[in-house]
Amino acid sequence: MKGVILAGGTGSRLYPLTKVTNKHLLPIYDKPMIYYPIETLISAGIKDIMIVSGRGHAGHFLELLGSGADHGVHFTYEIQEKAGGIAQALSLSEDFVDGDRITVILGDNIFQDNIKKDVVNFNSGAKIFLKEVPDAHRFGVAELKGEKVIGIEEKPKEPKTNFAVTGIYIYDSDVFDAIKTLKPSGRGELEITDVNNYYINKGEMEYGVLKGFWSDAGTFESLLRASILVQQHASIINSQNEIDKSVNM
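This structure is a prediction, so every number in the text was calculated from the model and none was measured.

Quick look at the overall build of the protein now. Along its length, the protein carries eight helices and 13 strands. For 249 residues, the compact-globule estimate of 2.2 N^0.38 gives 18 Å, and the protein sits close to it at 18 Å. Over its C-alpha atoms, taken along the principal directions, the protein stretches across nearly 60 × 45 × 35 Å. Counting over 249 residues, the protein shows a buried share of 49%. A fraction of 72% describes how many contacts in the protein between residues 6 or more apart in sequence connect residues 24 or more apart. Side chains of the protein carry 26 positive and 33 negative charges; the gap between the two charge centres is 2 Å.

See the structure below:
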């Protein structure tokens, strides 16, 4: 299983914080944002990771992360020359993936859940991860029927469910064939929702529901929210560790 972190985009919603660096290098509590998707992949047992970024500040990723030795992994880097959508950015990893399976994570998504079991048990097709949210109209929304996903609608005015599609996906190597069939959306980009609907239409889409917190970090409000969630989780872990120490003394 290979891992790909999509960390492109201009970060225009976070200007002027992004005037001199990529948004994925901004801090979430006590770490650069990019560390969190890296840790999600590492905790799933993935150690061969490609980072796809835009041209503007690509060297900053290399300066921060290097070869990956500090994290016990191997990093490969790719440049998305211009904005073309998430699916177009993913297409740049085809040679890197080289027929393997792939876990893809958006670089501004912060997850508490460990998906190692999902990665280990994945064979073919695709798998998305859903989170029940109160404001589903802001996201791609999954329509469910029993144990199946029967469709995904992007930012619907009247969502059919409250289950948002989060920014982590597992695909087999057919994902690159799927991307080649796509046409640009109204905003001129290749959409990851269209990739997921490709698998849904083939009857090859699975889903999981996240139990822990999830947040993106692409706006000032969500950047703050993600930091607070991480800080609160760290405080709980630290408190539990202190209790364990006192019990074992």
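So much for the structure itself; the text now carries on.
Attention now goes to the UniProt feature "domain: Nucleotidyl transferase" (unreviewed entry) in the protein. When the UniProt feature table is mapped onto this chain numbering, "domain: Nucleotidyl transferase" (unreviewed entry) sits at residues 2-230. Along residues 2-230, the helical share is 26% and the strand share 30%, with 26 Å between the first and last C-alpha atoms.

This brings us to the environment of Ala 87. Relative to the helices and strands, Ala 87 resides in helix α3 (residues 86-91). Taking C-alpha positions, Ala 87 is 24 Å from Thr 161, a pair spaced 74 residues apart along the chain. If near-sequence neighbours (up to four positions away) are discounted, Ala 87 is found in contact with Ile 179, Leu 182, Leu 190, Glu 191, Ile 192 and Val 195.

This brings us to helix α1 (residues 35-43). When α1 is considered as a whole, its buried residues turn out to be Tyr 35, Tyr 36, Pro 37, Ile 38, Thr 40 and Leu 41. Of the residues flanking the end of α1, it is Gly 45, one or two places downstream, whose phi is positive at about 90°.

A separate point is the layout of surface pockets. Unoccupied space between atoms shows up once a probe the size of one water molecule is rolled over them. If you add up the space inside the largest pocket, you get close to 1300 Å³. Per element, the largest residue contribution to the lining of the largest pocket is four residues, and it comes from strand β11 (residues 163-171). Split into classes, the residues belonging to the lining of the largest pocket amount to 12 nonpolar, 25 polar and 13 charged. Quantified by volume, the second largest pocket comes out at close to 290 Å³. In this structure, the second largest pocket is lined by 16 residues; those nearest its centre are Lys 31, Tyr 36, Glu 39, Phe 111 and His 233. If you list the elements that add at least two residues to the lining of the second largest pocket, you get α1, β7 (109-111) and α8 (220-248). Broken down by element, the residue count for the lining of the second largest pocket peaks at four residues, all from α1. Its residues placed into classes, the lining of the second largest pocket shows seven nonpolar, five polar and four charged.

The rules behind each value
Residues numbered from 1 in each chain as written. Predicted model: local features only at pLDDT ≥ 70, side-chain atom pairs only at ≥ 80, totals over all residues. Heavy atoms only, no water. Helix = DSSP H or I, 4+ residues; strand = E, 2+ residues; numbered from the N terminus. Rg over C-alpha atoms; globule rule 2.2 N^0.38 Å. Buried < 20%, exposed > 50% of the residue type's maximum accessible area, 1.4 Å probe, protein only. Contact = heavy atoms within 4.5 Å. Lys, Arg positive; Asp, Glu negative; His and termini not counted. Charge placed at Lys NZ, Arg CZ, Asp CG, Glu CD. UniProt positions renumbered as here; feature names shortened; annotations may be inferred. 1 Å grid on protein atoms, 1.4 Å probe; cavity = no way out; pocket = protein on both sides within 12 Å on 5 of 7 lines; lining within 4 Å. Points joined across faces, edges and corners; volume = space filled by probe spheres on them. Nonpolar A, V, L, I, M, F, W, Y, C, P; charged D, E, K, R; others polar.

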